[in-house]
Protein chains: 2
Amino acid sequence: MTSSKALLVICDGMGDRVEREFGDETPLGVAKTPNFDRLASSGSVGLMDPIGPGIRPGSDYATTALLGYDPRVCYTGRGGLEAAGAGMTLKPGDVAFRCNFSTVDDKLTVIDRRAGRIEHGTSEIAEAVRKIRPKGVKGLEVDFQATIAHRGVLVLKARGLSRMVSDVDPHETGVKILRSEPLDDSTSAKRTAAAVNDFVMQSFKILKNHPVNIKRVQEGKRPANIILPRGAGTLPPFTPLRELYGLNVACIAAVALVKGVSRVAGAELVPVEGATGGLDTNYDGKAYAALKALGNHDLVILHVKATDVASHDGDFKKKASVIEKIDMAVGKILPSLDAASTYVIVTADHSTPISVRDHSGNPVPLLINGPGVPKSGVSKFSENAASRGNLGRLHGLDLMPIIADYLDKAKKLGF
Amino acid sequence: MTSSKALLVICDGMGDRVEREFGDETPLGVAKTPNFDRLASSGSVGLMDPIGPGIRPGSDYATTALLGYDPRVCYTGRGGLEAAGAGMTLKPGDVAFRCNFSTVDDKLTVIDRRAGRIEHGTSEIAEAVRKIRPKGVKGLEVDFQATIAHRGVLVLKARGLSRMVSDVDPHETGVKILRSEPLDDSTSAKRTAAAVNDFVMQSFKILKNHPVNIKRVQEGKRPANIILPRGAGTLPPFTPLRELYGLNVACIAAVALVKGVSRVAGAELVPVEGATGGLDTNYDGKAYAALKALGNHDLVILHVKATDVASHDGDFKKKASVIEKIDMAVGKILPSLDAASTYVIVTADHSTPISVRDHSGNPVPLLINGPGVPKSGVSKFSENAASRGNLGRLHGLDLMPIIADYLDKAKKLGF
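Reading the values: the criteria
- Residue positions within a chain follow its written sequence, with the count starting from 1.
- For naming, the first written chain is A and the first written ligand is 1, with later ones following in the order written.
- It should be noted that, the model being predicted, local features are given only for residues of pLDDT at least 70 and side-chain atom pairs only at 80 or more, the latter also being counted only at that level, while totals for whole chains, interfaces and linings use all residues.
- Here the side-chain values reflect all heavy atoms present in the structure, with hydrogen atoms and water set aside.
- Our superposition of the copies is a least-squares fit, built on the C-alpha atoms of residues whose pLDDT is at least 70 in both.
- Throughout, a residue-residue contact means that at least one pair of heavy atoms, one from each residue, lies within 4.5 Å.
- If DSSP finds at least two bridges between two strands, the strands pair.
- Helical segments are the DSSP runs of H or I of at least four residues, strand segments are the runs of E of at least two, and each set is numbered from the N terminus.
- As a working definition, buried area equals the accessible area (1.4 Å probe) given up by two parts on being put together, with both sides summed.
- Salt bridge, as used here: a side-chain nitrogen of Lys or Arg that lies within 4 Å of a carboxyl oxygen of Asp or Glu.
- Counting of polar contacts relies on pairs of N or O atoms within 3.5 Å, with two restrictions inside protein: one atom must be capable of donating a hydrogen and the other of accepting it, and residues adjacent in sequence are counted only when both atoms are side-chain atoms.
- Only Asp, Glu, Lys and Arg are considered charged, only Ala, Val, Leu, Ile, Met, Phe, Trp, Tyr, Cys and Pro nonpolar, and every remaining residue, Gly among them, polar.
- Whether a residue is buried, partly exposed or exposed follows from its accessible area with a 1.4 Å probe, protein chains only, as a fraction of its type maximum: under 20%, in between, or over 50%, in that order.
- Relevant arc is that of directions from the helix axis to the C-beta atoms, nothing else.
- In the cavity and pocket records, a cavity denotes points on a 1 Å grid over the protein atoms alone where a 1.4 Å probe fits but cannot get out, a pocket denotes an open set with protein on both sides within 12 Å along at least 5 of 7 lines, and lining residues are residues with an atom within 4 Å of a point.
- Grid points are joined across faces, edges and corners, and a volume is the space filled by probe spheres set on the points.

With respect to the relation of the copies chain A and chain B
One copy of the chain maps onto the other through a rotation about an axis plus a displacement along that axis.
Inference 1: For the pair chain A and chain B, the best superposition has an RMSD of 0.2 Å and corresponds to a rotation of 122° with a translation of 0.2 Å parallel to the axis. When the rotation and shift are considered jointly, the pair of chain copies conforms to a three-fold rotation axis. Proximity to the rotation axis, assessed at the C-alpha, singles out G392 of chain A in chain A; its C-alpha lies 3.6 Å from the axis.
Inference 2: Take the interface residues of chain A: only 4% of them recur as interface residues in chain B, which is what a contact between different surfaces looks like.

Below you can see the structure in the form of structure tokens.
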């Protein structure tokens, strides 16, 4: 018996509410998706609440749940997941922060949170920043990586640190940077906040006169003269999917967070050229990379961010067109999959309704196609069809056990 | 008002996945089940996840959940349930083991885990074994019962014992018996493991020259010269259904485990001649016993193992034919039930798909028929029909509250 495989396609924020002007349909409902429709018709469909009905999940919460870990139990902040997504190595207890390369004036008032959307020179700046040793914490080590554009990740490594500290980034311009404050009474939170504040001040001292910034100012660009940390987090305590189910997993994603969650869950990250996380991403390249990864993995997660980007833009037609692009890309690899041993699952991590332009608590549509899966017979994959589907209404946490069960990797509870 | 009654028919492992060669249907879907179909059509149908979607339950987990106890909270191993099923009396703290009468050579290598499938003489052997007093545990008492064929149950009774000990039975032949090892750091686990090991060695010493075995060897049969314990367990902390709901329950089952769970839940066990737990069981006899038991019980559980036996054999047609036999047997007693006051529920404890030949995490079909129950109008009782049924998708733990509610035995929470 050939061992079964599964392709899990996650269209970020694809779920939506119905719009009257589009015939009481959603972007998925009006999009031309012949491939998803065929998979839905000969497979099962249903609704899935990423966390629970009406609960609005952030991307970190939603992705954590879809990979089978209850974020209400094991959520440890954003920073740890971002650091993992950037390929950094965290030990339990290390505290990581998402950071911006930003521009402040001499009084530490934020001029530009993105330092003129800096594109080049960030790795040289990161190298300088990595040498900072904040005072007051014995044996403290610092790791720092520039990621994409004005973004970076800071990791503080020492014993007795805590993620319970507030942001330095004020999340707006024209105001002073904030002081990181401890969020609980622990000594470790006080110690960490002090270290973060000292790190920020040292970064300002070093970066003011950094060659990259001197050049930027000469060119009339805003200097990346300070590092502003936010979203402190530690490594979440996920038991890897390989250990839980014996699943050998690959993940194809552009977004650092999704890469991070997957990596901590034990997935191999497969890079794809032109995968941008934007509307212009390399749809076909990602699909073909998924096909290739299925050759030596049990489960391949194919994540596309563009649906969420269009959703945040509030553009119904653009969102429908992104969905069509994903459908078409997946359709190109379907003929190469062995139908007798391959499961294809299509869903979203959460809903981002056009009318809300932000994540909502609406359930997402889910389709599961593969050997032994009951046929729904629906003619279209959509929220409306899924709401009357043969899977009923599931939770995000149900997804990974269902996949493991179909792949015959589930462990029996009891005898 | 006549007080209502309920008949709960549990077809072990009946749930299945669809098979393409049988028209994308399951064994239940193709079986001719006019009685179940009528009950389904004039009652409600839905899917039920014994534990949760995708979760593969053992029989102990599944039966515990269906009787309304959360196995994720109150599971205490298999041994206690088997002992209860064998009619033995356990106190909290007593540790019970499933045992085989087995054959080993002088070096304790297992020749036959089932002692030549011994049929006779096991109660004499049990009597000898019951006298063993393992060393090292103050006040330790031993109970031992031969159950069916090569099977028995050992109960160790003393203070300070633990079920956290490993099996002596190596579950294969040609290897040495194992030493029971403590599975945690507790003194009670170490003490229990030592007692089990001493019990096993004493059983070997006593049984080598037991008259039953001397005779077996003379007849060229394998001697039952050792007792191999496995599956340590204690009495699960179930509050009886009578106490929870005021339900007076009877259980008709051949399988020791199901009898055990039901007995600990407070059910009266009704023996039926010819109820074997096999394909050849006395279907009609069990149904008529259920009819009789309904005379003086609120709830009668009628459990049939044969569906699971056919499933583990991977025989689709045989499974369908077993389902037809159950349908026919239940059909014979339906006319004698007072439709105005009787609920009939038909479901499975878990799925055992033909294609898997083991328990799976697929949901099971459920039908509930009786006064006040909404009509589904489906034409066939099947997983496919149930997946679009009017009960939606329930959990195993929901079943007993629903039954108690219809029987007007449910207690109100709050005022």
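Focus: the sheet that holds strand β1 (residues 5-11) of chain B
Residue and element names in this part refer to chain B.
Inference 1: Pairing is mixed across the open sheet formed by 8 strands, whose spatial order is β10-β9-β11-β1-β12-β13-β2-β14. Strands at the two margins of the open sheet, each flanked by one partner only, are β10 (268-269) and β14 (393-395).
Inference 2: The pairing of strand β9 (residues 249-252) with strand β11 (residues 299-304) spans 4 bridges and is classified as parallel. When the sheet's bridge partners are listed, C251 is paired in β11 with I301.

Some thoughts on the interface of chain A and chain B
Inference 1: Counting residues at the interface gives 24 residues for chain A and 25 residues for chain B.
Inference 2: Summing the contributions of chain A and of chain B, the shared interface buries around 2,100 Å²; its carbon and sulfur component is 50%.
Inference 3: When the buried area of chain A at its contact with chain B is split by residue, D405, L413 and F415 of chain A rank highest and sum to 32% of it.
Inference 4: Summed over the shared surface of chain A and chain B, the result is 5 salt bridges.
Inference 5: The salt bridge partner of R17 of chain B is D405 of chain A, with a shortest N-O separation of 3.3 Å.
Inference 6: Between chain A and chain B we count 16 residue pairs in polar contact (both at pLDDT 80 or more) in total.
Inference 7: Only α15 (399-406) and β14 (412-413) of chain A provide two or more residues apiece to the side of chain A that touches chain B.
Inference 8: Of the residues that constitute the side of chain A that touches chain B, the class distribution is 11 nonpolar, 6 polar and 7 charged.
Inference 9: Examined bridge by bridge, β14 of chain A and strand β3 (residues 56-57) of chain B share 2 bridges and lie parallel to one another. The residue of β3 of chain B that forms the bridge with L413 of chain A is P57 of chain B.

Looking at helix α6 (residues 122-129) of chain B
Residue and element names in this part refer to chain B.
Inference 1: For α6, every residue scored as buried is listed here: T122, I125, A126, A128 and V129. In a view along the axis of α6, the buried residues occupy a sector of 160°, so they form one face of it.
Inference 2: Looking at the packing, one finds that the buried side of α6 touches β4 (95-104), β6 (141-146), α7 (187-208), α8 (211-218) and β8 (226-233).

Thoughts on empty space enclosed by the protein
Inference 1: Inspection of every chain in the model, using the stated rule, returns 6 cavities of 30 Å³ or more.
Inference 2: Of the volumes computed, that of the largest cavity is approximately 250 Å³.
Inference 3: Around the largest cavity, the lining is made up of 22 residues, and of these P374, L391 and Y406 of chain A together with N362 and P363 of chain B lie nearest the centre.
Inference 4: Counting residues per element, the lining of the largest cavity draws most heavily on α15 of chain A, which supplies 3 residues.
Inference 5: Residue composition of the lining of the largest cavity, grouped by class: 9 nonpolar, 8 polar and 5 charged.

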